[in-house]
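A look at the structure
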Amino acid sequence: MAFVEVRDLSKTYRSGEVSVEALKEVSFDIHEGEILAILGPSGCGKSTLLNCLSGIDTPTDGKVTVKGVDLHSLKDDEKTRFRAMNMGFVFQFYNLIPVLKAVENVELAMLTMGSNEKKAREAAMEILAKVNLREREYYLPSRLSGGERQRVSIARALVHKPAIVWADEPTGALDTKTSNDLMNLIAELNETFNQTFVIVTHDERVSAYSNRVLHMDSGRILKIEENRELKV
Amino acid sequence: MIIQTISLFAGIAVIAIVVSMIRNPIIFKIGYRNIHRRKSDTFLVIMGSLIGTALIMGSMAMNDSFQKFLYSQIERTHGEIDEMVYIPSDNQNVGKEFIPNSKIKILVDSLSKNEQVDGVLPILSRTVSTGLPGEARSQTGKSFQVSMIGLKADQLSRWPDVDGVDLVLPSARDELPEVVINKELAEAAEVEVGDTLEILADPGQRLLFWIPLPEVRVAEIVEGNGILHYQIENQGPNAFTMLIDIEEAREVLKISVEDYYNALVVSNRGDFLTGERLTDEVVGSIKSLVGEELVVREVKKDSLSMVDQGNIGLLFLMLSVFAIFAGALLLTNIYLMLAQERRTELGTLRAIGYSRRRVSRTILYEGFFYSIFSSGIGVLAGLGIARFILGSFVNLFEDVASLIPFEGANIAFNSMQSSFVFFVRIDSIAYGFLLGLIIPMIIIVYTGRKISRTNIVTAVRNIPEELDERKRLLLNVIAAIGVLVSVVMAYSGYSLGNATGFFTGVMLAGLLIPVAIPMKDKRLIESFFSIAVIVFTMLSNSFDLIASNSGSSIYLTIAKGAAILFAGLFLIVYNLKTFEYLLNKLFQKARAAAPVFKISIAFSARNRLRTGLTIAMFAVVIFVITLISIIPYSMEQMLVKSRDAIFAGFDVGAFSFTGERAITFTELKSQLEVREISTVSGLNVALRRDDRYAVEQIYAVDDNFIDHNGLTELDFVEGLGISEVKDLWNYLRDNPGTVIVSNSVLPDVRPGDVLELRRVVDQGDSGHGAAAFMQRRLSSEMIDSGPIDLEVIGTIPENTISFFNGLLIYIENVPSELTGSSAERHFLFNLSGDSGEEKKANFDVLQDKIASSSLFLLYVDDIMNLTSTMLQGTISILRSFLYFGMLVGIVGIAIIMFKALHERKRIIGMLKAIGFTKTMVFSSFLLETSFIAIIGILLGMVTGTLTSVEIYASPLMEGMKLYIPWDQLISMTLIFYIASLVSTIVPSYSASKIAPAEALRYFE
Ligand SMILES: Nc1ncnc2c1ncn2[C@@H]1O[C@H](COP(=O)(O)OP(=O)(O)O)[C@@H](O)[C@H]1O
Ligand SMILES: [Mg+2]
């Protein structure tokens, strides 16, 4: 059994009379330890797919199995807890808590899992060092640059050593150089911790860092291709 | 005056805004559309700002109603009478001296022609006893003290008050003289037109029953104001008046002097109210006619100025000031958040070429809509509040009236109730509306300007703006200037002997110094200065200047309260991180709850401005409520504690003011209901104070008083071999030449002092008793006998509330030199019965038994009941008013949490994505509310209590004890806290329901 199995996943948004079929019977597998890029034009359903995979959104139809657990058969709170234990998130707009310092933002993920304060702080410091944010630990997000903020958000996604990390347009708000640095960092971390990364992007340069690229359009998978010349 | 100016300003501002809206249709559209963006927010913003208007309007309407009530009383008692002319006399009551006929003629002739006068009426006024034939001499409630006014019918008919009253004064006939009486007298005496009344003009003839009394016939019963009510001599509540032809009056009163009148009343042109404006000129004219020999009393002006000073609406306005202040804090918070919310779009507008002014207008217009709307509703709500509070007052009066053991209380209450009605002036409504508008508008203009200055780039990218170095420095400089000004203020206050100025200067300097210091982490400095300010205020009475003004200057008291409150607030706001640290330490072990704690406390603790404003809002409200609870409660407790002092520990005081009783001591003593009866005889003595004499009461007490009185908290001389108060009383009995003195009448007498007394010549004036007599200075002819020295062996503390305030001496020891002047004898006794109910029942039985005698009984528990009903009632009315103030806090926190919900939507989405459950999100919102509310409530309670302690520590309150109603305070704050939580349930619930995918998708 694959690490994540996606079968006949559909999602239709309904608002009044209008309904939008954002996903149309999508099926594929995600392998443990890989970096999978989901590539496609804006509005093709990438985010919808990612949200259904991670369980923060519910599909209209179909099934997602993560580590053998049928994700959408869980109750809301169980799903939430499952996420806390097994998943990490990176968002386009970082979504850091403005009143918490970098390290506090990071340790939040540990605390949510139920870890104790001391361990959480140690782990957060360690991962911040890994993402090259030594000496920025006690900065509030407002004093960090965009790239730094995204690295904090990656640290937050990784600190509790989740099996899988979801990233929706992680470089969307960053310039090219910072984007490259960030993707290098992700590839490096993937190497070190052997965590699975699923990265949504509409940028070919970003997908170049992945093991496999899933091409999407209009709610369907066009093709899945292996990436031979991995760019690290 | 201030109110008018502000309102005028507001009115102009409204017009200016409307004009600018018309000229900026696009901005107008944006502002207007923004209102509809979030219905719940709009609702709450309007709620929040209408409370301020409601409180202002409520106070003003209350002011109007009370004023109208008091004016109506003045109209009744004074009518058109503006001035009264009479000849003062040294030892006789006003108006007893006759004015020469020639003078009267000059006055009447000249004033009738005076343009500024529309009425002149010479009168002969006397207080007489009247009743049905055979009853005028009685003292059993069937005779009445009446103001008999002799006048000429033709002059009366020209007097403005009697316009429209069909008043025919009889010319002399062979029949009985005819009189016109007012309705009150007719009702009390139960007489009708045609009935005969008997007149006792000379109280000295009361007992000379063989002398026949003159009779008069009631020709007319009238209702009316002024001359039909005005009581020239004693101003009692009943105001019985009898008008009679002057010649007949002379006959009835047996007046033989050639002069006719003893007073002249004058009415200025205009009605009862507007005539007062001409007072100075009319008084000038009168003075120029008659010189200094006659006195002109400005009766109307005096009463009106009393009304304007003692208006209770003002008290509510003062209380409102706090609630309004809290409301202003809330509005500042709301509009800062609103500005924050609109920042991105306003930045975009700036980017595409809108000028600062136009951008700030979007906020201005939006706020203007809210304010107009909320001010309108606020006015209505305020009128409702005023009605409610007035209703409570009427209920309170009713309760009190039913407890007053006088026959007349209910009649007086009914007449009062009919004129005590809800009333509001149209211009008050206009002022209320405009004042309700001005506060939000000022705040809106401020936030609008602030937002228009935002950096376009940071605004568009929604990056928080830091307080930059220049602004920080500017703040330091402004604060430094403030410190300088405060120091000057303190210094000039000190050198001019103005305690309030001095104190305020020192406090402001103390609070501003840390702000002026250009430093980043000011936690320590700020804490130090805040604590210093609190300590200084608490100890401020050790400065003579401040101590001598404490308690007497209301402004000083307010300044002290404000100093404590603000210092406390600064202390808290600068130490929010300390709180956060401590709380996090405390809840570290709480595993699952730890992240919830962490973020909810971080959100409030690290948003200093917003949290500070919200805490201040809570604290201000609770501060006032605490003060209002503690001070009257302490008064009530004092009263309860003084139960044993009111009648010196006896259950009942029996008073007879006329010097003769229908029921004798032995008779009373033999009643089954009476136990341990004691006699107290009061007589007037002249007491030497430095080089002059003043009248005091000395009470001669008997053995039963010595043995059974309950006055136990006395100070007494050492060295008499006395260890217990009991022995002190015995010592008083055994040693002639000793007295015990109440410090409440003679505050500076100490045990061991020697007092010099003389006899006071009997005035033979039994009609008016000691009250009128005591107000006057003693002239040398009134003092008799050689000096008698008495040694003070003990003193009764100043704060003792007692009916017998004066000098206490054992009856057998009264020096013969002092006896002889008419003595009043009162009885004190205990009731038989073990329980309060039994005693009360016995009291009622006894009262029925002696109903026909002239003895007047008061049961101490009835008095306690009455006063505590009054106090309790007043407290609860004041408090119900402040509950409206509490609404500010409750609505405020709801608004703030709603805004937080919108602001943090994405963050909440993120939290839910990374593993926050619904419960965690929900509780993090409630926790945040709790953190703010609890700190605010505690701060308000602590600073309020400290302020009460400080007030009670002032020298003026010497001997007054502070009692803190913990149970009341705790239950009240709990209610407040729970209400705050409840009000944030909706936003907390909405937060917990946020769908993460949804929240994360858009960048709002
Ligand atoms: N909450 C929603 N309601 C209605 N339509 C939605 C909603 N979320 C997304 N869509 C629509 O679904 C389609 C896919 O959206 P999305 O997954 O965000 O695309 P992508 O991430 O590839 O840009 C789009 O057409 C979008 O408009
Ligand atoms: Mg997307």
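First, a word on what this report is: a plain description of the structure on this page. (Residues numbered from 1 in each chain as written. Chains lettered and ligands numbered in written order. Predicted model: local features only at pLDDT ≥ 70, side-chain atom pairs only at ≥ 80, totals over all residues. Heavy atoms only, no water.)

What follows concerns helix α21 (residues 576-587) of chain B. Residue and element names in this part refer to chain B. A rise of 1.5 Å per residue sets the reference length of α21, with its 12 residues, at 16 Å; its end C-alpha atoms lie 16 Å apart and thus fit the reference within 8%. Within the span of α21, buried status applies to Leu576, Glu580 and Asn584. Viewed along the axis of α21, the buried residues span an arc of 70°, placing them on a single side of the element. The outward face of α21, more than 90 degrees from its buried face, is lined by the exposed residues Leu582 and Leu586. Buried-residue contacts for α21 involve α20 (554-574), α22 (594-605), α23 (608-641) and α32 (918-953). (Helix = DSSP H or I, 4+ residues; strand = E, 2+ residues; numbered from the N terminus. Expected span 1.5 Å × (residues − 1). Buried < 20%, exposed > 50% of the residue type's maximum accessible area, 1.4 Å probe, protein only. Arc of directions from axis to C-beta. Contact = heavy atoms within 4.5 Å.)

Our focus in this paragraph is the side chain of Ser486 of chain B. Residue and element names in this part refer to chain B. The residue Ser486 is located in helix α16 (residues 469-496) in this model. Its relative accessible area of 2% is what places Ser486 among the buried residues. Not counting chain neighbours up to four residues away, the residues in contact with Ser486 comprise Gly505, Leu508, Ala509 and Leu512.

As a further point, take the sheet that holds strand β3 (residues 35-39) of chain A. The strands that make up a sheet are held in pairs by hydrogen bonds between backbone atoms, and each pair lies either parallel or antiparallel. Residue and element names in this part refer to chain A. The strand order across the open sheet formed by six strands is β6-β7-β8-β3-β9-β10, and the pairing between neighbours is mixed. In the strand order of this sheet, the two ends are held by β6 (87-90) and β10 (220-226), each with one partner. This sheet shows a mean twist of 15° between the axes of neighbouring strands, independent of strand direction. As judged from the five bridges shared by β3 and strand β8 (residues 196-201), these two strands associate in the parallel manner. Its bridge partner being in β8, Leu36 is matched across the sheet by Val198. Across the face of the sheet, helix α2 (residues 76-86) comes into contact with β6 and β7 (164-168) while running at roughly 80° to β6. (Pairing = 2+ DSSP bridges. Axes fitted to C-alpha atoms, helices over the stretch in contact; angles between N-to-C directions.)

Let us now look at a nonpolar patch on the surface. Residue and element names in this part refer to chain B. Taken together, Trp966, Ile970, Leu974, Ile978, Val982, Ile985, Val986 and Tyr989 make up a surface patch of nonpolar side chains, about 760 Å² in accessible area. Elements represented by at least two residues in the nonpolar patch include exactly α33 (966-983) and α34 (985-993). For the nonpolar patch, the leading source of residues is α33, giving five residues. Within the secondary structure, Val986 sits in helix α34. (Patch = residues over 30% accessible without salt bridge, like charges linked within 9 Å, V, L, I, M, F, W, Y side chains within 5 Å. Areas by Shrake-Rupley, 256 points an atom, 1.4 Å probe, with all protein chains shown as cover. Salt bridge = Lys/Arg side-chain N within 4 Å of Asp/Glu carboxyl O.)

Right, let's talk about the packing of aromatic side chains for a bit. Taken as a whole and assessed by the stated rule, the structure comprises 16 aromatic pairs over all chains. Taking the centre distance of 5.9 Å and the plane angle of 5° together, the rings of Phe89 of chain A and Phe91 of chain A count as stacked. Looking at Phe91 of chain A, the relative accessible area reads 6%, which means it is buried. Measuring from centroid to centroid gives 6.2 Å for Phe28 of chain B and Tyr32 of chain B, while their planes differ by 10°, and the two rings are stacked. Here Tyr32 of chain B and Phe28 of chain B lie together in helix α2 (residues 25-35), a separation of four residues that amounts to about one turn. (Phe/Tyr/Trp six-rings, centres within 6.5 Å; stacked < 30°, edge-to-face > 60°.)

Residues and elements named next belong to chain B. Extensive coverage of strand β18 (residues 824-831) is indicated by the burial of seven of its eight residues. Summarising the sheet, strand β11 (residues 674-689) and β18 pair through seven bridges and their orientation is antiparallel. Looking at the pairing, Arg675 lines up with Asn830 of β18.

By convention, interface size is frequently given as the accessible area that disappears when the constituent parts associate. If you look at the interface, chain A gives 35 residues, while chain B gives 29 residues. The largest share of the area that chain A buries against chain B comes from Asn95, Val99 and Glu117 of chain A, three residues that together contribute 19% of it. The tally of links from chain A across to chain B stands at three salt bridges. Here Glu117 of chain A makes a salt bridge to Lys598 of chain B, at a shortest N to O gap of 3.5 Å. Counting across the interface, chain A meets chain B through four residue pairs in polar contact (both at pLDDT 80 or more). (Buried area = accessible area lost by both parts, 1.4 Å probe. Polar contact = N/O pair within 3.5 Å; in protein donor to acceptor, adjacent residues only side chain to side chain.)

Attention shifts here to the sheet that holds strand β4 (residues 61-66) of chain A. Residue and element names in this part refer to chain A. Taken in spatial order, the four strands line up as β2-β1-β4-β5 in an open sheet, and their pairing is antiparallel. Of all strands in the sheet, those with a lone pairing partner are β2 (18-30) and β5 (69-70), marking the two edges. In terms of strand pairing, strand β1 (residues 4-15) meets β4 through five bridges, oriented antiparallel. Along β4, the bridge assignment pairs Arg7 with Lys63. Taken strand by strand, helix α1 (residues 46-54) contacts β1, β2 and β4, and its axis lies near 60° from that of β2.

Take the nonpolar core next. Counting residues in each nonpolar core, the largest one holds 172 residues, and the members touching the most others are Leu9, Phe28, Leu49, Leu53, Ile97 and Trp166 of chain A together with Tyr335 of chain B. Apart from residues no more than four positions distant in its own chain, Tyr335 of chain B is found in contact with Val45, Gly367, Tyr370, Ser371, Ile443, Ile444 and Thr447 of chain B. The next biggest cluster of nonpolar side chains, apart from the first, holds 45 residues, and it includes Leu639, Leu668, Val674 and Ile850 of chain B. (Core = buried A, V, L, I, M, F, W, Y, C linked by side-chain atoms within 4.5 Å.)

All names here are of chain B. Contact geometry of helix α30 (residues 860-903) with α34 gives a least axis separation of 8 Å together with a crossing angle of 15°. The orientation of α30 with respect to α34, classified from their angle, is roughly parallel. Both α30 and α34 take part in a crossing whose hand is left-handed. Touching Ala894, Met897, Phe898 and Leu901 of α30 are Val986, Pro987, Ser990 and Ala991, all from α34. Within the contact of α30 with α34, the residues separate by chemical class into seven nonpolar, one polar and no charged. (Parallel < 35°, antiparallel > 145°, perpendicular 65-115°, else oblique. Left-handed = near helix turned anticlockwise from the far one by under 90°. Nonpolar A, V, L, I, M, F, W, Y, C, P; charged D, E, K, R; others polar.)

What follows covers the site of ligand 1. Lining the immediate surroundings of ligand 1 are 13 residues, of which Gly43, Lys46, Ser47 and Thr48 of chain A together with Arg1001 of chain B lie closest. More than one chain approaches ligand 1, the contributing ones being chains A and B. Between an oxygen atom of ligand 1 and a main-chain N or O atom of Gly45 of chain A, the distance comes to 3.1 Å. When the free accessible area of ligand 1 is taken as 550 Å², the share hidden by the protein chains comes to 73%. With three residues, the single largest contributor to the shell around ligand 1 is α1 of chain A. Here the residues of the shell around ligand 1 sort into five nonpolar, five polar and three charged. (Near = heavy atom within 4 Å.)

What follows deals with a negative patch on the surface. Together, Asp8, Glu21, Glu25 and Asp61 of chain A give the surface a local cluster of negative charge. Structurally, Glu21 of chain A can be placed in strand β2. (Lys, Arg positive; Asp, Glu negative; His and termini not counted. Charge placed at Lys NZ, Arg CZ, Asp CG, Glu CD.)

To continue, consider the pattern of salt bridges. Residue and element names in this part refer to chain A. Inspection of the entire model under this criterion finds 25 salt bridges over all chains. The salt bridge involving Lys11 is made with Asp57; its shortest N-O contact spans 3.4 Å. On the criterion of sequence distance, the pair formed by Lys11 in strand β1 and Asp57 in the loop between α1 and β4 is long-range, its members being 46 residues apart. Residue classification places Asp57 among the buried positions, given a relative accessible area of 13%.

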